[in-house]
Amino acid sequence: MTAHSASSLAAAAPAALHDHDLVPETVVPGVLYEKRPARAPDGALVPGLYNAWITLDNPRQFNSYTTEMVKGVILAFRAASNARDVVATVFTGSGDKAFCTGGNTKEYAEYYAGNPQEYRQYMRLFNDMVSAILGCDKPVICRVNGMRIGGGQEIGMACDFSVAQDLARFGQAGPKHGSAPIGGATDFLPVMIGAERAMVSGSLCEPWSAHKAARLGMITDIVPALKIDGAFVANPTVITDRYLDEYGRVIHGEFKTGAEAAAGRDLLKQGTVDLSLLDAKVEELCGKILLTFPDCFTKTLEELRKPKLAAWNANKENSRAWLALNMMTEARAGFRAFNEGSKDDREIDFIALRQALAAGTPWNEALTERLLPAARAGR
Ligand SMILES: CC(C)(COP(=O)(O)OP(=O)(O)OC[C@H]1O[C@@H](n2cnc3c(N)ncnc32)[C@H](O)[C@@H]1OP(=O)(O)O)[C@@H](O)C(=O)NCCC(=O)NCCSC(=O)C1=CCCCC1=O
């Protein structure tokens, strides 16, 4: 479009625009909000149009979100949703290790454990965060810069598209750390990958590789990120060179085991991580969205979001209430164990818990303390 025709079109716009934002666009500590110039598919900058980038910025704790950050994400999504000049929203995390590993376990252990009424209020914010993603008037692309675990996987699955670097891992942590993945995972997983696979991914806390997540329809696309001697290579800890094992079972995307896994880990250490292909893929997707009718695209999103939204809306209030009360029992023990334990020993004694409950032992301080890693170590 020529500058002349663009200015003629602009002349038809109201002289002064109403402000529909609840808050001004702002940077909230731990959450970055940035409007980056949009690019056409050929890479050319598009004057006056942007993509909104929302970045979880807590890399030291794998971009886990604190209460303040949850508020920031809600506000940032509101800003992106309202911005007239924004084409798409990109939701990502700082660094190359993690997109997000969910709720901040330190905060859970040190503030919310044993405090259900406080966690109930927190869960109002968490639910609003998920709803803000599902209700964003702009398409939301999750730029999966690294692992997407627990609540991180839940807010990631709330997005419309997910593009991942292939070292990323995907899955839940709750049933190992004292929570149930009912902040979206139990709603979204069956819709996205089917009930049986949802059961495996949601309950067993065994992360999937990006290759497997892509193959099973959990994410849109993947790109390599590891560079060895200047060349990109596929994640060397994952089977990517064959589809079937000797018995005809699909093994593409499964993690390597034994000597193969050790060799993969060695290669990983030798290389460097480069997210340029991820950024290119995200830009490519934004460019495809740019060349569509905005309202038709939004309507399409709204319709395609419905299965996820229907499940989410049906369950979110009950989930909130259950999670709040669970802070008196399993979450209290599980998040303290993760927070207080060492890297090699940060889960509760599951067998001792099951035995205690089988004997009718009530949940009290003594039981909690007995389950923690410190008790196991006899400290
Ligand atoms: C499996 C892990 C994600 C990664 O393990 P690993 O690769 O071994 O790295 P770590 O050494 O564990 O992690 C590096 C440092 O980051 C800190 N970290 C990681 N995750 C968190 C977190 N979520 N909160 C706070 N800090 C975190 C970790 O402690 C390390 O720091 P250090 O100072 O010790 O070097 C593994 O890290 C892991 O399992 N993390 C916890 C995942 C988790 O339990 N998340 C919460 C799930 S529950 C949730 O998110 C919910 C959402 C809403 C609804 C209710 C709910 O429960």
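Residues numbered from 1 in each chain as written. Predicted model: local features only at pLDDT ≥ 70, side-chain atom pairs only at ≥ 80, totals over all residues. Heavy atoms only, no water.

> Which residues make up the domain arrangement of the protein, and what values do they have?
Each assigned domain of the protein is listed here: domain 1 (20-225 + 274-326) and domain 2 (341-377). For domain 1 versus domain 2, the distance between C-alpha centres works out to 33 Å. (Domains from an automatic or database assignment.)

> Tell me about the site of the ligand, and please be specific about residues and values.
Close to the ligand lie 26 residues, the nearest being Thr101, His177, Ser179, Lys343 and Arg346. Between a nitrogen atom of the ligand and a side-chain N or O atom of Ser64, the distance comes to 3.2 Å. Interatomic distance of 2.7 Å between a side-chain N/O atom of Arg346 and an oxygen atom of the ligand. Considered on its own, the ligand offers 1000 Å² of accessible surface; in the complex 76% of this is hidden by protein. (Near = heavy atom within 4 Å. Polar contact = N/O pair within 3.5 Å; in protein donor to acceptor, adjacent residues only side chain to side chain. Areas by Shrake-Rupley, 256 points an atom, 1.4 Å probe, with all protein chains shown as cover.)

> Let's hear about the pattern of salt bridges: which residues, and what values?
Inspection of every chain in the model, using the stated rule, returns 22 salt bridges. For Glu68, the salt bridge identified is with Lys71, shortest N-O distance 3.0 Å. Of this pair, Glu68 and Lys71 both sit in helix α2 (residues 67-82), 3 residues apart, roughly one helical turn. Ionic pairing is found between Glu254 and Lys212, a salt bridge with its closest N-O pair at 3.0 Å. Of this pair, Glu254 sits in the loop between β12 (231-233) and α10 (258-270) while Lys212 is found in helix α9 (residues 210-215), placing the two residues 42 residues apart along the sequence. Accessibility expressed as a relative area gives 27% for Glu254, which makes it partly exposed. (Salt bridge = Lys/Arg side-chain N within 4 Å of Asp/Glu carboxyl O. Helix = DSSP H or I, 4+ residues; strand = E, 2+ residues; numbered from the N terminus. Buried < 20%, exposed > 50% of the residue type's maximum accessible area, 1.4 Å probe, protein only.)

> Account for helix α15 (residues 350-358), with residues named and values stated.
Among all positions in α15, only Ala352, Leu353 and Ala356 are buried. On an axial view of α15, the arc spanned by its buried residues comes to 100°, and they lie on one face. Facing away from the buried surface of α15 by more than 90 degrees, the exposed residues are Ile351, Arg354, Gln355 and Ala358. Of the surrounding elements, those touching the buried residues of α15 are α16 (365-371). Phi turns positive one or two residues past the end of α15, at Gly360, with a value near 85°. (Arc of directions from axis to C-beta. Contact = heavy atoms within 4.5 Å.)

> Run through unusual backbone geometry, naming residues and quoting values.
Not every positive phi belongs to a glycine, and Cys205 is a case in point at roughly 60°. With respect to the helices and strands, Cys205 occurs in the loop between α8 (195-203) and β9 (208-209). For Asp229, which is not glycine, the phi dihedral falls at a positive 50°. As for its placement among the helices and strands, Asp229 is situated in the loop between β11 (226-228) and β12. Assessed through its relative accessible area of 80%, Asp229 is described here as exposed.

> Residue-level account of the confidence of the model for the protein, with values.
As a general rule, the predicted coordinates of low-pLDDT regions are not to be interpreted in detail. For the protein, mean pLDDT is 95; residues scoring 70 or higher make up 96% of the total. Interface confidence in the predicted complex, given as ipTM, is 0.99; pTM for the same model is 0.95. (pLDDT = per-residue confidence, 0-100.)

> Give me the lowdown on the pairing of strand β1 (residues 31-39), citing residues and values where you can.
Across 8 bridges, the pairing between β1 and strand β2 (residues 45-56) is antiparallel. Across the sheet, the residue bridging to Arg39 is Leu45, located in β2. What sits between the antiparallel neighbours β1 and β2 is a turn of 5 residues, in which Gly43 has the positive phi angle 95°. (Pairing = 2+ DSSP bridges.)

> Could you give an account of the sheet that holds strand β4 (residues 98-100), with specific residues and numbers?
Within the open sheet, the 4 strands sit side by side as β4-β6-β8-β9. Their pairing is mixed. The open sheet has two free edges, formed respectively by β4 and β9, since each of these has just one partner strand. Here 2 bridges tie strand β8 (residues 169-171) to β9, and the two strands are oriented antiparallel to one another. Each bridged residue has a counterpart across the sheet, and for Arg169 the counterpart in β9 is Ser209.

> So what's going on with the sheet that holds β11? Residues and values would help.
As a general point, the strands of a sheet are linked pairwise by backbone hydrogen bonds and lie either parallel or antiparallel. On the basis of which strands lie adjacent, the open sheet formed by 3 strands has the order β12-β11-β13 and antiparallel pairing. Two strands bound the open sheet, and with one partner strand each, they are β12 and β13 (272-273). Pairing of β11 with β13, which is carried by 2 bridges, proceeds in the antiparallel orientation. Among the inter-strand pairings, Lys227 is bridged to a residue of β13, identified as Thr272.

> A description of the environment of Gly202 should follow, citing residues and the corresponding values.
One can find Gly202 in helix α8. For Gly202 and Ala185, which are 17 residues apart along the polypeptide, the C-alpha to C-alpha distance reads 6.7 Å.

> So what's going on with a nonpolar patch on the surface? Which residues, and what values?
Taken together, the side chains of Met199, Val200 and Leu204 define a hydrophobic patch exposed on the protein surface, amounting to about 280 Å² of accessible area. Among the structural elements, Val200 can be located in helix α8. (Patch = residues over 30% accessible without salt bridge, like charges linked within 9 Å, V, L, I, M, F, W, Y side chains within 5 Å.)

> Describe in detail the environment of Gln172, supporting the description with residues and values.
Position of Gln172 relative to the elements: it lies in the loop between β8 and α6 (174-177). By relative accessible area, which is 5% here, Gln172 ends up buried. The residues contacting Gln172, other than those within four sequence positions of it, are Ile149, Gly150, Gln153, Glu154, Met157, Pro181, Ala185, Ser201, Gly202 and Cys205.

> So what's going on with helix α11 (residues 276-290)? Which residues, and what values?
An ideal rise of 1.5 Å per residue puts 21 Å on 15 residues; α11 measures up with 21 Å between its terminal C-alpha atoms. Among all positions in α11, only Leu278, Val282, Leu285, Cys286, Gly287, Ile289 and Leu290 are buried. (Expected span 1.5 Å × (residues − 1).)

> Explain the side chain of Asn51 to me, and be specific about the residues and the numbers.
Here Asn51 lies in strand β2. There is a polar contact of 3.2 Å between the side chain of Asn51 and the backbone nitrogen of Ala88. Setting aside chain neighbours within four positions, we find Asn51 in contact with Glu34, Lys35, Arg36, Ala38, Val87, Ala88, Glu283 and Cys286.

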